[in-house]
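Read off the chains here:
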Amino acid sequence: MYRIAALYHFTRFSDPAAIKPPLLALCQAEGVKGSLLLAQEGINGTIAGSHSAIDAVLNHIRALPGCADLEWKEATATDPPFGKMKVRLKKEIVTMGQPDVDPRANVGNYVEPEDWNDLIQQDDVVVIDTRNDYEVAIGTFQGAIDPKTESFRDFPAWWEENKARFHNKRVAMFCTGGIRCEKSTNYLLGQGVEDVYHLKGGILRYLEEVPPENSTWQGECFVFDNRVSVGHGLVEGPHELCHGCRRPILPEDKSRPEFEQGVSCHQCINETTEADKARFRERQKQMQLARERGEEHLGNIPL
């Protein structure tokens, strides 16, 4: 059984590059795998390993500047969620592309999972899903607005085009683990929106704590590891990943004529050229060889 820890923390790292080598070395020494992002604004990522190994890495992170009150969300998996360990340096730990956004200065009102349903069912509250379109497609909260964004960078432009719709409304937002809402709520406050709320701990904490019979969640929640999706109780869902476009697909989608393992699915078949597909086929061949050598690589992206 693998212990999975999803974490993020906004703090000021004056030299993220100096933090990377000892953090990576510890993860490798402890057999921890996954992905961690470092930037001047903090740390973000998901890691998996044994119970003691995850404790060792979390203790190391908590000792970093400003990280003493680090929080994380835990889950378990029977199969390894990741194939290798990556620690990467980035400009942002979740990319919004808004230099004036600073969650350390101010964020929206946190809403505990047990209070979320009451809030989003109020007539003067609009609920916005801040995740990308492929995530929303497999599950979201009842009545939530889907901005249909392809990346988080698109959210500010979407807001500018649609903000008139939400005049005199309270705005409640949510995302997978909470990190995107730290930035989106700060952004809306900077735009003059007074009543901004976000789901504390994100969808993952809601699915962990709110029983299905009381839930307003519909579908599955996309996650950024080899589980692909989870449902209530963070039980692994039915989805798999198309390695051509990295969107979630259902097992039955693999029977569709557009599907080719590692190359395409019905969602991306027309999005890539024949040259792209040839490159993907070669990548798939190399991945198969790596698997046979016990060197499988599984990527992930942040929450």
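Nothing here was measured: the structure is a model prediction, and the numbers come from that model.

Asker: I tried to follow the overall build of the chain on my own but got confused; where do I start?
Answerer: Helices and strands together make up the secondary structure of the chain, namely eight helices and 15 strands. For the chain, whose C-alpha radius of gyration is 20 Å, the value lies close to the compact-globule estimate of 19 Å for 303 residues. For the chain, the C-alpha atoms occupy an extent of roughly 60 × 50 × 40 Å along the three principal directions. If you take every contact in the chain between residues at least 6 apart in sequence, the share linking residues at least 24 apart comes to 68%. In the form shown here, the chain has an accessible surface area of approximately 14,300 Å², with 46% of it arising from carbon and sulfur atoms. Placing the 35 positive and 46 negative side-chain charges of the chain at their respective mean positions leaves the two points 6 Å apart.

Asker: Help me understand the sheet that holds strand β4 (residues 72–77), please; the structure alone is not making it clear to me.
Answerer: Pairing between sheet strands relies on hydrogen bonds along the backbone, with the strands arranged either parallel or antiparallel. Spatial ordering of the open sheet is given by β4-β1-β3-β2-β5, a layout of five strands whose pairing is mixed. Edge positions in the open sheet fall to β4 and β5 (85–89), since each of these has one partner strand only. Taking the axes of each pair of neighbouring strands and ignoring which way they run, one obtains an average angle of 10 degrees across the sheet. Pairing of strand β2 (residues 33–39) with strand β3 (residues 42–49), which is carried by seven bridges, proceeds in the antiparallel orientation. Bridge assignment links Leu37 to a residue of β3, and that residue is Asn44. Across the face of the sheet, helix α6 (residues 179–190) comes into contact with β1 (2–10) and β3 while running at roughly 20 degrees to β1.

Asker: What is the right way to read the pairing of strand β10 (residues 196–199) from this model?
Answerer: Sheet faces and side chains relate simply in a regular strand, where the side chains alternate between the two faces. Residues Val196 and His198 line one face of β10 and the alternating positions Tyr197 and Leu199 line the opposite face, and both faces are buried. As judged from the three bridges shared by strand β6 (residues 109–111) and β10, these two strands associate in the parallel manner. Within β10, the residue paired with Asn109 across the bridge is Tyr197. The pairing of strand β9 (residues 170–174) with β10 spans three bridges and is parallel. Looking at β10, one finds that Val171 is bridged to Val196. Traced from β9 through α6 to β10, the parallel crossover comes out right-handed.

Asker: I tried to follow the sheet that holds β9 on my own but got confused; where do I start?
Answerer: Strands sit in the order β6-β10-β9-β7 across an open sheet of four strands; the sheet is parallel. If you trace the sheet from one side to the other, it starts and ends with β6 and β7 (125–129), each paired once. This sheet shows a mean twist of 30 degrees between the axes of neighbouring strands, independent of strand direction. With five bridges connecting them, β7 and β9 associate as parallel partners. Within the sheet, the bridge partner assigned to Val125 lies in β9 and is Arg170. Sheet strands in contact with α6 are β6, β9 and β10, and its direction is about 175 degrees off that of β10.

Asker: Honestly, the pattern of salt bridges in this entry has me stumped. Any pointers?
Answerer: Note on pairing: side chains with opposite charge can pair once their charged atoms come close. Tallied over the entire structure, the rule returns 19 salt bridges. Among the ionic pairs, Asp124 bridges to Arg170, the shortest N-O distance being 2.9 Å. Linking Asp124 in the loop between α3 (113–120) and β7 with Arg170 in strand β9, this pair joins segments that are 46 residues apart in sequence. Among the residues examined, Asp124 registers a relative accessible area of 33% and is labelled partly exposed. Between Glu260 and Arg281 there is a salt bridge; the shortest N-O distance is 2.7 Å. Residue Glu260 is located in the loop between β15 (248–249) and α8 (274–292), and its partner Arg281 is located in helix α8; the two are separated by 21 residues in the primary sequence. On the basis of relative accessibility, which here comes to 29%, the residue Glu260 falls in the partly exposed class. Looking at Arg281, the relative accessible area reads 36%, which means it is partly exposed. Counted as one network, the salt bridges with shared partners bring together Glu112, Lys200, Arg205 and Glu209.

Asker: I tried to follow the nonpolar core on my own but got confused; where do I start?
Answerer: The nonpolar side chains of a soluble globular protein tend to be buried with one another. Core analysis: the biggest nonpolar cluster contains 27 residues, and Trp116, Phe141, Phe174, Tyr206, Leu207 and Trp217 have the highest contact counts within it. Listed by contribution, the elements that provide at least two residues to this core are β4, α3, β7, β9, β10 and α7 (202–209). A per-element tally of this core places α7 first, with four residues. Ignoring any residue separated from it by four or fewer positions in sequence, one finds Tyr206 in contact with Pro113, Trp116, Asn117, Phe141, Leu199, Asn214, Ser215, Thr216 and Trp217.

Reading guide: rules and limits
- The numbers attached to residues start from 1 for each chain and follow its sequence in the written order.
- Since the coordinates come from a predicted model, pLDDT governs what is reported: local features require at least 70, and pairs of side-chain atoms require 80 or more to be given and counted, while whole-chain, interface and lining totals use all residues.
- The basis for the side-chain values is all heavy atoms of the structure; hydrogens and waters are excluded.
- Only runs of H or I of at least four residues qualify as helices and only runs of E of at least two qualify as strands under DSSP, and these elements are numbered from the N terminus.
- The reference for a compact globule is 2.2 Å times residues^0.38; the radius of gyration itself is calculated from the C-alpha atoms.
- Contacts are assigned to residue pairs that have any heavy atoms within 4.5 Å of one another.
- All accessibility values rest on the Shrake-Rupley procedure with a 1.4 Å probe; residue burial counts only the protein chains present in the view.
- Lys and Arg are tallied as positive, Asp and Glu as negative. Neither His nor the chain termini are counted.
- Where a charge lies is defined by one atom per residue type, namely NZ (Lys), CZ (Arg), CG (Asp) and CD (Glu).
- Strands pair, by our definition, only if DSSP identifies at least two bridges between them.
- Orientation is described by axes fitted as lines to C-alpha atoms, over the contacting stretch for helices, and by angles from 0 to 180 degrees between their N-to-C directions.
- Burial status follows relative accessibility: with a 1.4 Å probe on protein chains alone, a residue under 20% of its type maximum counts as buried, one over 50% as exposed, and anything between as partly exposed.
- Consider the strands pointing away from the viewer: the crossover is right-handed when the path from the first strand over the helix to the second runs clockwise.
- The salt bridge criterion pairs a side-chain nitrogen of Lys or Arg with a carboxyl oxygen of Asp or Glu, the two atoms within 4 Å.
- Note on terminology: a nonpolar core comprises buried Ala, Val, Leu, Ile, Met, Phe, Trp, Tyr and Cys residues joined through side-chain atoms within 4.5 Å.

Any link to function would need more than the numbers given here.
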